[in-house]
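Close look at the chain arrangement
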Amino acid sequence: MTLTAYISKVTGYFSDKRVIEKTATLLKKIIEHKTIKLWQISDDKREFERNKKLIDNSLKSVLDDEKIADALIKHGVEKLCNNKRLYILSDHCDIRKPYAEKQENHGKVRALDGKIVNGYSTLNSVILDERKKNLTLSNISVFSNKDDDFICQTELDDYHKDHIKNPIRKAEIAAKIEDERFINMGVILKKHLKEQSEAFKQANPDILLCHVHDRAADSIEYLEFIRNELEDDAVVRVKKSDALSLSKCRNSNQTKINPDTGRKVHIKLIDSNFANQKVYLIEKLTLKGKCHQNAK
């Protein structure tokens, strides 16, 4: 039995997800340290103040990102659920805080000049309404790569390959995986889309959704998640570098024999043919003020 299930009788009295998570973390530390003295189980002053507010009834309801996300999804469903098809465009964006020092859980993000600075990561979605040709902000997720529950994909892959040498960190990762409380961009992305997809289909079971993404989401795992679990469609921009950096191109499933080495290698997408292709005819297409007849 997981700790979350064990303490469910306690957390069942709360409705706020963050309060439930913080209560579970606090109880876990109480069990781990075998004491209820907050200053002994808190890593720093900020954690001590958070725990104190959690149990002294001074914790106030705040407008956090999850409440904003719930409101955005609800508004989007009410406004657009009667459409036959919707396009959900999602992309990652950093909130850069290079001069902030006192905000909680500062992560590390890349500034426009390429330098690494303090900040947070966000995932945002807008929905394209074909009929009215306008965009509606539909969801937002905010997270930090310095959050206690953050496990980057590289470290997660190393754990599954048994490459984590630090036994303490290895145990931490195992516990987070067992309790299903770790986060990274992949986890956030799936949760972010699933919330929207389920909300729209609950309101309109016949609605067709198509998720549109930049090349950061061009993985087989992600595409299979959209197709098999969400039962939606997807358009993803695949990484296709120019001729000066072909080594960075994504590979296709097609293979060929390298004449220099005699080894079988995968063909770059830039040189391969897609298995399924279709030509669409558009009677009138206007680009940059110029109208094109019967465009393919």
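Preceding block: the structure.
The structure presented is a predicted model; accordingly, all values stated were derived computationally and were not measured.

**Here's the deal with the pairing of strand β5 (residues 208-213)**
In terms of strand pairing, strand β1 (residues 85-96) meets β5 through 6 bridges, oriented parallel. Residue serine 90 lies in a different strand from β5, and its bridge partner there is histidine 213. Examined bridge by bridge, β5 and strand β6 (residues 233-236) share 4 bridges and lie parallel to one another. Across the sheet, valine 212 pairs through a bridge with valine 235, a residue of β6. With helix α10 (residues 220-230) bridging β5 and the parallel β6, this β-α-β connection has right-handed handedness.

**A closer look at the pattern of salt bridges**
Using the criterion set out here, one finds 13 salt bridges in the structure. With its nearest N and O atoms 2.8 Å apart, the salt bridge here joins lysine 191 to glutamate 195. Linking lysine 191 with glutamate 195, this pair stays in helix α9 (residues 185-203), spanning 4 residues, or about one helical turn. Assessed through its relative accessible area of 36%, lysine 191 is described here as partly exposed. Residue class for glutamate 195 comes out partly exposed when judged on its relative accessible area of 28%. When the shortest N-O distance is used, the salt bridge between arginine 237 and aspartate 214 registers 2.8 Å. Linking arginine 237 in the loop between β6 and β7 (251-257) with aspartate 214 in the loop between β5 and α10, this pair joins segments that are 23 residues apart in sequence. The class of arginine 237 is partly exposed, set by a relative accessible area of 46%.

**Considering the nonpolar core**
If you look at the biggest cluster of nonpolar residues, it comprises 12 residues: Leu123, Phe143, Phe150, Ile183, Ile188, Leu189, Leu193, Ala217, Tyr222, Phe225, Ile226 and Leu230. At the level of secondary structure, the elements contributing two or more residues to this core comprise α9 and α10. Top contributing element to this core by residue count: α10, with 4 residues. In this structure, tyrosine 222 is in contact with Leu189, Leu193, His211, His213 and Ala217, ignoring residues within four places of it in sequence. With 10 residues, the next largest nonpolar core counts Val77, Cys81, Leu86 and Phe200 among its residues.

What counts, and at which threshold
- Residues numbered from 1 in each chain as written.
- Predicted model: local features only at pLDDT ≥ 70, side-chain atom pairs only at ≥ 80, totals over all residues.
- Heavy atoms only, no water.
- Pairing = 2+ DSSP bridges.
- Helix = DSSP H or I, 4+ residues; strand = E, 2+ residues; numbered from the N terminus.
- Right-handed = clockwise from strand over helix to strand, strands pointing away.
- Salt bridge = Lys/Arg side-chain N within 4 Å of Asp/Glu carboxyl O.
- Buried < 20%, exposed > 50% of the residue type's maximum accessible area, 1.4 Å probe, protein only.
- Core = buried A, V, L, I, M, F, W, Y, C linked by side-chain atoms within 4.5 Å.
- Contact = heavy atoms within 4.5 Å.

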